[in-house]
Amino acid sequence: MTTLAQKIIANACKKSDVAPGEVVVCKVDLAMIHDSGGPRRVKPILEKLNRKVWDAEKVVVVTDHYVPIESEETRAIHELTKKWVLNQDIQNFYDQQGICHVVVPEKGHLKPGMFCVGGDSHSPTGGAFGAYMFGIGATEMAGVLATGEIWLKVPKTIFIKWKGKLNNLVTAKDMMLATCRKIGMGGGQYQAIQYIGEAIYDLSVQDRMTLSNMAAELGAQTGLIAPDDKTIDYIKSSGGLVPENWKSFRLDEPTSGANVNEFDASTLSPQIAAPHSPENSENADEFSNTVFDVAYIGACTGAKYVDLAAAASVLKGRKIASGISLKVAPASLKDEKQALEDGILKILQDAGAEFLPNSCGICAGYGKERLAEGQVCLSSTARNFQGRMGAPTSEVYLASPYTVAASAVVGKMTDPRKLMVN
Amino acid sequence: MSRLWLFEETINTDVLAPGFYMKSPLAELSQHCLEAVRPEFASKVKKGDVLLAGDNMGVGSSREQAAEVLKFLGISCIIAKSFAGIFYRNAINLGLPAFLLPKDSQLPKEFVDGSSVVFDFENSILFLEGSGIQINLDPLPAFLQELINDGGLVPHLEKRFDEK
């Protein structure tokens, strides 16, 4: 029996089947790059190789890291990016419209069975659409752009199974922080993770993206979820073309002897991960006296439409505590517009939120908007490494948008269910 | 003779190549390499030095500058108990050899931070200078050794395209 990962890889390397451990060369269906690891890094390499991109229709370029433009250096990066995109005849260019991992699916580029690479470690996000998508560095990306191919060691599939139903105010983010604690940041062993079980299929597509996205925090190469009707509805509503054979990618039975990690959604509580690793997670209750300065709803992991809606459901009719600043960077322009239409932005604003551009923002720590020395942040993002979001002495705790919002109201970290019973 | 830089903890990409300096030229970025955890590293490291790390070396971002700054600063090879996949591929693609300690093996306690070491690339052996103590590392798979021999992915592709 084959896994979803093996089926996609076999198709991509034009073999009838592949076995874990085998090294194969795959044809790439889509290569995504952004303004940091993209044109400014691959352009000199392609020039050296005297090659243009192998297939401009299969390349997607997004500017999201150096947004907003705030210096001569970052302006030069944007100018180089725009010129290169024109020069390479790339039509799929999304300039300052949001974070690549959210923009690429919302523009209908992903579908079940695709084999994709992205120039960013959170590229496994594409796994939520039944696509085998993984992150690579810029030199390797230049190789893909020159040849349309990449080598791969066929992975084993590690199954993360969530049975039962999630309780109110408990989310995909909590599932991931609990999984990080259980199997560790190296637990994915650079193999394929596949999320299965009823609690997974109960989630909306954007919530599933949070799971696939954080396969990166498990050290997996990708984080797959078999496609179902929800996946297909999302793709259709994004203007994407659904392959007729999509149901053939609905493979989610663990193979015999496979590594299956079981979790029970019905007993999961909201989680908070302490500095400086996502695996330092505990029930949010354990942190109930911890004070912080900045509440951040941001990034591909934690500021999609569903995340903004979750924060708003807590903040409706409430104000953030004095001494706390709440910063919100919607993950894409499209999600921000939807949130505006639905009154979600108004709720966040009335509660005291400050809005930042649709970009990687503080999570990447690339710009002037970052944490100061000694500042403590409670964040809906994926990664809380030392110094990532600012000064080396700053500290980042990770949680769901519900928990970040509720904690901002209370002024201390809290299980959001405590606030919401009142 | 080279200095051994020993890190017990997990080293992530964000401490190797801090985000705030990612817009800067490599020479400037490299001056901030590991400053959050080992502030003296960038100024003290010398050409040919060897970096030996614990589990999940290079976990985090796909930014290849995390490996590139180490190469720029003179690190001749990276050895780790385990590597994060993207970092490992990046190092090899940039022509920076990356070796795994054999599974379940213990690093001899004589190897400490600051030890003088000699690395034998041909046989993947790290020697502790003047002691007779050595660690045999897992050799690279043949196709990755070829990439390293060519000097990384770019020269490897140049060669491949020239042959056509």
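Up top is the structure.
The structure displayed is predicted, hence computed values, not measured ones. (Residues numbered from 1 in each chain as written. Chains lettered and ligands numbered in written order. Predicted model: local features only at pLDDT ≥ 70, side-chain atom pairs only at ≥ 80, totals over all residues.)

## Section: the environment of A:Met176
All names here are of chain A. Inclusion rule: Here a helix means four or more residues in a row that DSSP labels H or I, a strand means two or more in a row labelled E, and each is numbered from the N terminus. To sort residues by burial, count the other C-beta atoms lying within 10 Å of each one's C-beta; a count of 20 or more means buried, 12 or fewer means exposed, and anything in between means partly exposed. C-beta atoms are built from the backbone. Here, residue contact means that the backbone-derived C-beta atoms of the two residues sit within 7 Å.
Tracing the chain through its elements places Met 176 in helix H6 (residues 172-183). Overall, Met 176 belongs to the buried group, with 29 C-beta atoms counted inside 10 Å. Taking C-alpha positions, Met 176 is 9.3 Å from Ala 382, a pair spaced 206 residues apart along the chain. With residues near it in sequence (within four places) discarded, Met 176 still touches Thr 210, Leu 211, Met 214 and Glu 217.

## A look at the sheet that holds strand S11 (residues 259-264) of chain A
All names here are of chain A. How we decide: The pairing criterion is simple: DSSP has to find at least two bridges between the two strands. All axes here are fitted lines through C-alpha atoms, helices being fitted over the stretch that makes contact, and every angle between N-to-C directions spans 0 to 180 degrees.
Read across the sheet, four strands follow the order S10-S9-S8-S11 without closing on themselves; strand pairing throughout is parallel. Every interior strand has two partners, whereas the edge strands, strand S10 (222-224) and S11, have only one. Pairs of neighbouring strands in the sheet enclose a mean axial angle of 20°, with direction left out of account. In this sheet, S11 lies alongside strand S8 (residues 157-163) in parallel orientation, the contact comprising six bridges. Across the sheet, residue Ile 160 finds its bridge partner in S11, namely Asn 261. Packing of helix H1 (residues 4-12) onto the sheet brings it into contact with S8, strand S9 (192-196) and S10, and relative to S9 it is tilted by some 130°.

## Observations concerning the packing of helix H11 (residues 305-315) of chain A against helix H13 (residues 344-351) of chain A
The geometry of a pair of packed helices is captured by two quantities: the angle between their axes and the separation between those axes. Residues and elements named next belong to chain A. Put simply, the rule is: In what follows, roughly perpendicular refers to angles from 65 to 115 degrees, roughly parallel to angles under 35, roughly antiparallel to angles over 145, and oblique to any angle outside these ranges. Definitions for this section: a left-handed crossing has its near helix turned counterclockwise from the far helix by less than a right angle. A right-handed crossing has that turn clockwise. We call Asp, Glu, Lys and Arg charged. Ala, Val, Leu, Ile, Met, Phe, Trp, Tyr, Cys and Pro are nonpolar, and the rest, Gly among them, are polar.
Relative to each other, H11 and H13 sit at 50°, their axes nearing to 9 Å. Relative to H13, the element H11 lies oblique. The handedness of the crossing between H11 and H13 is left-handed. Within the contact between the two elements, H11 uses Leu 308, Ala 309, Ala 311, Ala 312 and Leu 315 and H13 uses Ile 344, Ile 347, Leu 348 and Ala 351. In terms of residue class, the contact of H11 with H13 is built from nine nonpolar, no polar and no charged.

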